[in-house]
Amino acid sequence: MLGDLGADVIKIEDTNGGDPFRGWSVESDGYGAPFVAFNRNKRSLTLDLRAPESRDILFSLIDGADVLIENFRPGGAAKLGIDYDMLKSRNPKLVYCAITGVGTTGCYAGRACYDAVGQGLSGLLSLLIDREDPQPVGPTFSDTLTGLFAAYGVLAALNARATTHLGQRVNTSLLQATMRFMHEAYAVFFKTGHVPNAYSRPQASQVYAFVCRDGLPLVVHLSSPDKFWQGFVAALDRTDLAADARYKTHGARRQHWKTIHAELKPLLAAQDRAYWLERFAAADVPAAPIHQVNEALDDPQVWETGMRIFADHPKHGRVDMVGYPVTLSDTPSPQVIAPPVLGEHTDTILAELGYDAESVRRFHERGIV
């Protein structure tokens with residue numbers, strides 16, 4: 001995300017295969033979809049951080065950097081000599097961002113942690129699955145949310161630096177970021193004592209999903225304005241429901257959410273999805289098809305908002321990606337750079353740091369880069 005905003009991001013990868021995500025794919029070329037998803041607008045430098053000779057290279061990078069981001073377990077960076085307390089004297093303006101699993105302190109701090117652990121500890125999984133038959137679903141919410149909050153913290157620290165002229169340490173974790181994302185569920189619990197489940201939010205927001213005659217699903221989000229309920233039942237030719245005492249108010253409809261769904265399910269199944277979407281649009285009812293990813297990419301609105309982009313890579317050709325979600329009127333995002341192959345920019349970065357060709361050759365021979 002920082003790269004999307006124009007930062008020159010240097011990704012330091014281990015000399016023994018690099019980012020593990022490079023191999024998380026059916027492809028065996030180190031350039032699979034999971035890696036591509038998270039690594040555009042970065043340059044790849046391979047560096048053996050265990051080799052003493054690598055320290056000079058690393059410190060040369062850090063001395064000129066605005067931001068350093070690491071996601072070791074607590075204490076891992078200190079073992080390599082690159083924790084914040086060790087680096088701030090070298091570069092007082094450095095913004096140091098540490099991303100951990102559950103935080104830098106506490107009884108779980110040293111444990112191994114991945115996305116599902118963050119989702120489970122935070123309570124998010126309980127809002128996504130059936131507790132009687134738990135099957136984890138969906139994308140990497142905790143991983144991605146933590147990246148969002150990390151970028152948010154880094155930008156805040158950079159903004160503060162403009163005034164203080166000093167950097168600072170920024171901490172976030174899978175647990176903390178995911179709990180903040182769930183703030184509404186926690187607010188409900190604090191206020192009412194009710195423990196939300198997977199259906200609490202849809203019920204409160206009056207969200208309904210149906211499968212139509214052609215087997216295609218759609219979703220309707222009526223929220224609180226009464227006009228959307230009125231438009232919904234009018235589009236269904238069921239204005240009698242508007243007069244039903246059980247559904248008179250938003251609160252009443254929340255109480256009878258399951259009943260409404262059961263009553264309307266066969267009605268929606270009697271016509272194709274396009275028919276209902278056209279009627280809902282004419283009645284100003286918030287509704288949408290439930291797209292699969294291929295269908296979303298073909299939607300004209302996606303094209304018109306620039307959410308499908310691509311970049312050319314010299315080895316892998318055209319790389320398709322999801323576009324930038326934020327547009328800036330005066331400082332738009334620069335041209336997208338395709339994700340790098342392992343070590344693609346090592347020699348270039350070393351040259352930028354002042355190393356001559358003979359030094360770079362020796363680094364390669366000794367396995368330092």
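Computed from a prediction, not measured in an experiment: that's the story for all the values here.

Draft legend 1. Representation of the environment of Gln255. The topology assignment puts Gln255 in helix α11 (residues 250–255). Judged by relative accessible area, which is 64%, Gln255 ranks as exposed. In this structure, the C-alpha to C-alpha distance between Gln255 and Gln119, residues 136 residues apart in sequence, is 29 Å.

Draft legend 2. Quick peek at the pairing of strand β2 (residues 42–46). Across the five residues of β2, four count as buried, placing the element largely inside the fold. When strand β1 (residues 9–13) meets β2, the two strands line up parallel, connected through five bridges. Opposite Glu13, over in β2, you have Thr46 as the bridge partner.

Draft legend 3. The arrangement of the sheet that holds strand β5 (residues 169–173) in detail. Strand order in the open sheet made by the three strands is β3-β4-β5, with parallel pairing throughout. The outermost strands of the open sheet, each flanked by one partner alone, are β3 (67–70) and β5. Direction aside, neighbouring strands of the sheet carry axes that sit 15° apart on average. Pairing geometry for β3 and strand β4 (residues 95–100), over four bridges, is parallel. Counterpart to Glu70 in the pairing with β4 is Ala98. With respect to the sheet, helix α7 (residues 174–181) is in contact with β4 and β5, its orientation differing from that of β5 by roughly 70°.

Draft legend 4. Representation of the sheet that holds strand β6 (residues 207–211). Taken together, the three strands give an open sheet; going across it, the order is β6-β7-β8, and neighbouring strands pair in antiparallel fashion. The open sheet has two free edges, formed respectively by β6 and β8 (287–289), since each of these has just one partner strand. When the angles between neighbouring strand axes are averaged without regard to direction, this sheet yields 20°. Seen against the sheet, helix α13 (residues 273–282) touches β7 (217–221) and β8 and runs at an angle of roughly 20° to β7.

Draft legend 5. Structural context of the packing of aromatic side chains. Considering all chains together, one arrives at 17 aromatic pairs under this definition. Seen from their ring centres, Trp229 and Phe232 are 6.2 Å apart, and the 50° between their planes marks the pair as tilted. Taken together, the residues span about one helical turn, with Trp229 and Phe232 both in helix α10 (residues 226–235) at a distance of three residues. On the basis of relative accessibility, which here comes to 1%, the residue Trp229 falls in the buried class. Under the relative-accessibility criterion, Phe232 is labelled buried at 0%. An aromatic cluster is built from Tyr199, Tyr208, Phe210, Trp229, Phe232, Tyr247, Trp257, Tyr275, Trp276 and Phe280, whose rings are joined through pairwise contacts. Directly above the aromatic system of Phe59 lies the positively charged group of Arg90, at a separation of 4.3 Å from the ring centroid. Of note, Arg318 hangs over the ring of Phe310, and the distance from its end group to the ring centre comes to 3.9 Å.

Draft legend 6. Representation of α7 in the model. For α7, the set of buried residues is Leu174, Leu175, Ala177 and Thr178. Residues of α7 that are buried in the fold lie against β4, α5 (115–122), α6 (141–164) and β5.

Draft legend 7. Representation of the environment of Val233. Structurally, the position occupied by Val233 is in helix α10. Of the residues examined, Val233 reaches a relative accessible area of 1% and is grouped as buried. Between the C-alpha atoms of Val233 and Ile337, which are 104 residues apart in sequence, the distance is 48 Å. Each residue touching Val233, except ones within four places of it in the same chain, is listed here: Arg238, Thr239, Leu241 and Ala242.

Draft legend 8. Representation of helix α12 (residues 257–268) within the structure. With twelve residues, α12 should cover 16 Å at 1.5 Å per step; its first-to-last C-alpha distance of 16 Å lies within 8% of that length. Where α12 is concerned, the buried positions are Trp257, Ile260, Leu264 and Leu268. Along the axis of α12, the buried residues cluster in a sector spanning 60°; they form a single face. Residues of α12 that are exposed and point over 90 degrees away from its buried face: Lys258, Ala262, Lys265 and Pro266.

Draft legend 9. Region of the structure containing the nonpolar core. Grouped together as the largest cluster of nonpolar side chains are 22 residues, with contacts concentrated most on Leu218, Leu222, Trp229, Phe232, Leu264, Leu268 and Phe280. Broken down by secondary-structure element, the contributors of at least two residues to this core are β6, β7, α10, α12 and α13. Top element by residues in this core is α10. It accounts for five residues. Leaving out residues up to four positions away in the same chain, Phe280 has contacts with Leu218, Val220, Phe232, Ala235, Leu236, Leu268, Val285 and Ala287. Residues Leu47, Leu49, Phe363 and Ile368 belong to the second largest nonpolar core, which totals 21 residues.

Draft legend 10. The packing of α5 against α6, seen in detail. Contact pair α5 / α6: the axes reach a minimum separation of 7 Å and the direction vectors enclose 90°. Relative to α6, the element α5 lies roughly perpendicular. The residues of α6 that touch α5, namely those facing Asp115, Gly118 and Gln119, are Phe141, Ser142 and Asp143. Taken together, the residues that form the contact of α5 with α6 break down as one nonpolar, three polar and two charged.

So, how was this worked out
- Residue positions are given per chain, counting from 1 as you read along its sequence in written order.
- Local features in this predicted model are restricted to residues whose pLDDT is 70 or higher, and side-chain atom pairs enter the listing and the counts only when it is 80 or higher, whereas totals over whole chains, interfaces and linings include all residues.
- For side-chain calculations, the full set of non-hydrogen atoms in the structure is used, while hydrogens and water are omitted.
- Starting at the N terminus, helices and strands are each numbered in turn, a helix being any DSSP run of H or I of at least four residues and a strand any DSSP run of E of at least two.
- Each residue gets one of three labels from its accessible area relative to the maximum for its type: buried under 20%, exposed over 50%, partly exposed in between, using a 1.4 Å probe on protein chains only.
- Pairing between two strands requires that DSSP report at least two bridges joining them.
- A fitted line through C-alpha atoms represents every axis, and for helices the fit uses only the stretch in contact; the resulting angles, taken between N-to-C directions, go from 0 to 180 degrees.
- Here, residues are in contact when the closest pair of their heavy atoms is within 4.5 Å.
- Only centres within 6.5 Å qualify two rings of Phe, Tyr or Trp (six-membered ring in Trp) as a pair; their planes then separate them into stacked at under 30 degrees, edge-to-face at over 60, and tilted for everything else.
- Ring-over charges, as used throughout, are those where CZ of Arg or NZ of Lys falls within 6 Å of the ring centre and within 35 degrees of the ring normal.
- Here, expected helix span is obtained from the residue count minus one, scaled by 1.5 Å.
- Directions are taken from the helix axis to each C-beta atom, and the arc is the one they span.
- We call a set of buried residues a nonpolar core when its members are Ala, Val, Leu, Ile, Met, Phe, Trp, Tyr or Cys and they connect through side-chain atoms within 4.5 Å of each other.
- Any angle that falls under 35 degrees is termed roughly parallel, while one over 145 is termed roughly antiparallel, one within 65 to 115 roughly perpendicular, and all others oblique.
- Following the grouping adopted for this structure description, the nonpolar residues are Ala, Val, Leu, Ile, Met, Phe, Trp, Tyr, Cys and Pro, the charged ones are Asp, Glu, Lys and Arg, and the polar ones are all others, Gly among them.

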